[in-house]
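# Chain and residue survey
Okay, here's what each chain looks like letter by letter:
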Amino acid sequence: MASRTFTNGRVFTGESETRFASAFRITDGRIDWVGEAVDVRDPDAVDLGGRTVLPGLLDSHTHPALLAGTAAAVECFPPAVLSRDDLVETLRAHARASDSSDAWILGRGYDDTRFPGGAGPTAADLDRVSTERPVLVWRCDAHSAVCNTRALEIAGIDATTPDPEGARFERDADGVPDGVLTEIAAVNAVARFVPVPTRDEQIAALVALGEEWASRGIVAVCDLLSSRIDEPLATFRAAAERGLRTRVALYPGWDPEAPLADLRPDDREGRIRIGGVKVVLDGAYSNRTAWVHEAYPGSCDHGLRLVDDADVLAAGEWARRNGVQLAVHAMGDRALDRVVELFEDAEPWLDGIPSVRIEHATIVSDDYLQRLSSARMTFGIATHTVFFFAEYDGYEKALRVEQVPDAYPIARLYSGLGALALSSDRPATAWSGADDVMLSVEAAVRRRTYNGVEFGPEAAITVPQALLLYTSRAATLSPLSGAGALVPGSDGSFAILDQDVFSVPAEDISRVRVAETWIRGEQVYVR
């Protein structure tokens, strides 16, 4: 048996907020002993030099398929892009670097709430990039986008084109589409004309993502819209054959026009597996399309509901029949209430993990949390701190003052809900490198935004608590059994830090870096 012992470390085991060890052993890729350095007798033990060790980190809601499917897009996130002029210049530079004179010019990540006056880009702005080549740029929430006039022409969208259901082609005063595509159906009306990367390009992008995850100590992820590429299971498994070491649970999107085929047993097994199915019930707070009870401040707008009850229930029946999770994107309070109304009295179909995952869950009151906890159905939540950190400008305009105490109330969720995880939603949030776990941990501890504004300080949690939401607590949310802890029988994956995250000043947590990452007992990254 292949065995290796590690000693002289500060080892956070993931068992609890206070459980630490100083040595452990991995045999055939799994932990088989955890203890103290004084008990180590192995002369070949790896000396950790007193450094801090964490269980391999889990990103429970991210979008690698989206990244692989749009690998040609240039990043337009803050703080690099803070105006329409910045956006235009970034896209121009990206276009100049292209090998093709007629290829689509693609970007992702702009946040118009940071632009002067909050004025977002339109086709007129992107026409400054090119009038001959089509241009399409996804907003930071990945729910909306903007395109130039040429892209509208290719998609056949003009003043006579009706809005898609649950979405809008925004228009100027004369009713002519202005290039702003609000919500997924409107974006897809243009994006479907973008040439799809080849399978080899997608596989290469996934392998590169695995290397990036390793640099952040991330060893397992959930892809919460894996159907952004064709044949996601086969493509991810091909990437694993070419070097992707990360464990991945895939959640294809539910499309009532193209129902998913039932799963085979091996689709739910192995390092790359189908974990569930996802339904997007509403939009996002940062562009005021989350589905809410009371209208947004200063408007009569209640956001957008994107699918009806029948589609949500059909996706739930498919999940039940196939023995996987139902994941529901719900941000607005009205959307969150509807998830519970539809499922609270239903019988759970999974053991050990929640049958229904709620993604994002922006507004969670004490009453709502009690309703989740007392329901017959088993619920879990994947939420974020990077959202309020990075997108404060949008939340400031979208939330009523009385809602702030219930916005991403991590402390309340931590104490009241077992199956809970923090996650990145990369690239669907307004920050480059949103999957930097230490950034999210600092935001959870300090409850401050990118510009230093205090945001619901009563919802702050401790460093150990935040790290549990990226390790063992996160593992209770999804089918990643054996991950997230350094205990006998668990996956032998861990990250070594360059500083002790438990003792650095809170304002320096985001500066802590991963020095090494090991997956199943093998070193896969060294800084």
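Check the entry above for the structure.
Within every chain, residues take consecutive numbers counted from 1 along the sequence as written. This being a predicted model, a pLDDT of at least 70 is required before a residue's local features are given, and a value of 80 or more before pairs of side-chain atoms are given or counted; all residues contribute to the totals for chains, interfaces and linings. The basis for every side-chain value is the complete set of non-hydrogen atoms in the structure, without hydrogens or water.

## Observations regarding the overall build of the protein chain
Within the protein chain one finds 16 helices and 23 strands. Note that the radius of gyration is over C-alpha atoms, with the globule rule given as 2.2 Å times the number of residues to the power 0.38. Taken over C-alpha atoms, the radius of gyration comes to 23 Å for the protein chain, in line with the 24 Å a tight globule of 527 residues would show. Expressed as lengths along the three principal axes of its C-alpha atoms, the size of the protein chain is roughly 80 × 55 × 50 Å. The classification of residues rests on relative accessible area computed with a 1.4 Å probe and restricted to protein chains. Under 20% of the type maximum is buried, over 50% is exposed, and intermediate values are partly exposed. When each of the 527 residues of the protein chain is scored for burial, the buried share is 61%. Taking the contacts inside the protein chain whose residues are at least 6 apart along the sequence as the reference set, 73% of them involve residues at least 24 apart. When the accessible surface of the protein chain is totalled, it reaches about 19800 Å², and 48% of it is carbon and sulfur. Asp and Glu count as negative and Lys and Arg as positive, but His and the ends of the chain are not part of the count. By convention, the charge on Lys lies at NZ, on Arg at CZ, on Asp at CG and on Glu at CD. The positive charge centre, built from 52 side chains, and the negative charge centre, built from 80, are 3 Å apart in the protein chain. For the purposes of this entry, the term helix denotes a DSSP run of H or I that reaches at least four residues, the term strand denotes a run of E that reaches at least two, and both are numbered from the N terminus. Note on definitions: a residue-residue contact is assigned when non-hydrogen atoms from the two residues lie within 4.5 Å. Accessible areas in this description were obtained via Shrake-Rupley with a 1.4 Å probe; residue shielding takes into account the shown protein chains only.

## Thoughts on the packing of aromatic side chains
Here a pair means two rings of Phe, Tyr or Trp (six-membered ring of Trp) with centres within 6.5 Å. Their orientation is stacked below 30 degrees between planes, edge-to-face above 60, and tilted elsewhere. This model, assessed by the stated rule, comprises 18 aromatic pairs. Here the aromatic rings of Tyr395 and Tyr408 are separated by 5.8 Å at their centres, their planes lie at 75 degrees, and the arrangement is edge-to-face. Residue Tyr395 is located in helix α12 (residues 392-398), and its partner Tyr408 is located in the loop between α12 and α13 (410-416); the two are separated by 13 residues in the primary sequence. The class of Tyr408 is buried, set by a relative accessible area of 0%. Placement of a charge over a ring requires the Lys NZ or Arg CZ to be within 6 Å of the ring centre, with the centre-to-atom vector within 35 degrees of the ring normal. Sitting over the ring of Phe20, Arg10 keeps its end group 4.5 Å from the ring centre. The ring of Tyr450 has Arg114 sitting right over it, with the charged end atom 3.7 Å from the ring centre.

## As for empty space enclosed by the protein
Residues are called lining when one of their atoms sits within 4 Å of a cavity or pocket point, these points coming from a 1 Å grid over the protein atoms alone, where a cavity is a set in which a 1.4 Å probe fits but cannot get out and a pocket is an open set with protein on both sides within 12 Å along at least five of seven lines. Grid points are joined across faces, edges and corners, and a volume is the space filled by probe spheres set on the points. Summed over the entire model, instances satisfying the criterion amount to three cavities of 30 Å³ or more. Taken as a whole, the largest cavity encloses approximately 190 Å³ of empty space. Ten residues, namely Ala, Val, Leu, Ile, Met, Phe, Trp, Tyr, Cys and Pro, are considered nonpolar, four, namely Asp, Glu, Lys and Arg, are considered charged, and the remaining ones, Gly among them, are considered polar. A breakdown of the residues in the lining of the largest cavity according to their chemical character gives eleven nonpolar, six polar and five charged. The volume enclosed by the second largest cavity comes to roughly 60 Å³.

## Points about the sheet that holds strand β12 (residues 177-182)
The strands that make up a sheet pair up through hydrogen bonds in the backbone, lying either parallel or antiparallel. Should DSSP find at least two bridges between two strands, the strands are taken to pair. Pairing is mixed in the open sheet, where six strands are placed in the order β7-β8-β9-β10-β12-β11. Unpaired on one side and paired on the other, β7 (74-75) and β11 (168-171) mark the two borders of the sheet. Where strand β9 (residues 135-139) and strand β10 (residues 145-147) come together, three bridges link them in antiparallel fashion. Across the sheet, Leu136 pairs through a bridge with Cys147, a residue of β10. To obtain an axis, a line is fitted to C-alpha atoms, over the contacting stretch when the element is a helix, and the angle between two such axes runs from 0 to 180 degrees between their N-to-C directions. Strand contacts of helix α2 (residues 84-96): β7, β8 (105-110) and β9, with the helix running at about 145 degrees to β8, the strand carrying the most contacts.

## Observations regarding the sheet that holds strand β6 (residues 57-62)
As summarised here, the arrangement of the four strands in space is β6-β13-β14-β15, forming an open sheet in which the pairing is parallel. In this open sheet, the two strands that pair with only one neighbour each are β6 and β15 (272-274). In this sheet, adjacent strand axes meet at a mean angle of 15 degrees when their direction is disregarded. Of the pairings in the sheet, the one linking strand β14 (residues 247-250) to β15 comprises three bridges and is parallel in character. Each bridged residue has a counterpart across the sheet, and for Leu250 the counterpart in β15 is Ile274.

## Brief notes about helix α7 (residues 232-241)
Most of α7 is tucked away, with seven of its ten residues classed as buried. Taken together, the buried positions of α7 are Pro232, Leu233, Thr235, Phe236, Ala238, Ala239 and Ala240. Summarising the contacts, the buried residues of α7 are in contact with α1 (64-69), α6 (199-215), β13 (218-223), β14 and β15. Positioned one or two residues after α7, Gly243 has a phi angle of 130 degrees, which is positive.

## Things to note about the pattern of salt bridges
The salt bridge criterion pairs a side-chain nitrogen of Lys or Arg with a carboxyl oxygen of Asp or Glu, the two atoms within 4 Å. If you walk through the whole model with that rule in mind, you get 43 salt bridges. Note that Glu75 is salt-bridged to Arg426, the shortest N-O span being 4.0 Å. One end of the pair, Glu75, is in strand β7; the other, Arg426, is in the loop between β20 (420-422) and α14 (437-446), and 351 residues separate them in sequence. The exposure class of Glu75 is partly exposed, given its relative accessible area of 32%. Taking the shortest distance from any N to any O, the salt bridge between Arg150 and Glu153 comes out at 3.4 Å. Taken together, the positions of Arg150 and Glu153, both in helix α4 (residues 149-155) and three residues apart, correspond to about one turn of that helix. Arg150 sits in the partly exposed class, given a relative accessible area of 31%.

## Brief notes about unusual backbone geometry
Most of the time, phi is negative for any residue but glycine, and the peptide bond is trans. At the junction of Pro78 and Pro79, the peptide bond is cis and its omega measures out at 0 degrees in the coordinates. Tracing the backbone shows Pro79 in the loop between β7 and α2. Of the consecutive residues Arg426 and Pro427, the connecting peptide bond is found in the cis state with omega at 0 degrees. Its identity is not glycine, yet Asp425 carries a phi of approximately 60 degrees, on the positive side. Of note, Asp425 is situated in the loop between β20 and α14.

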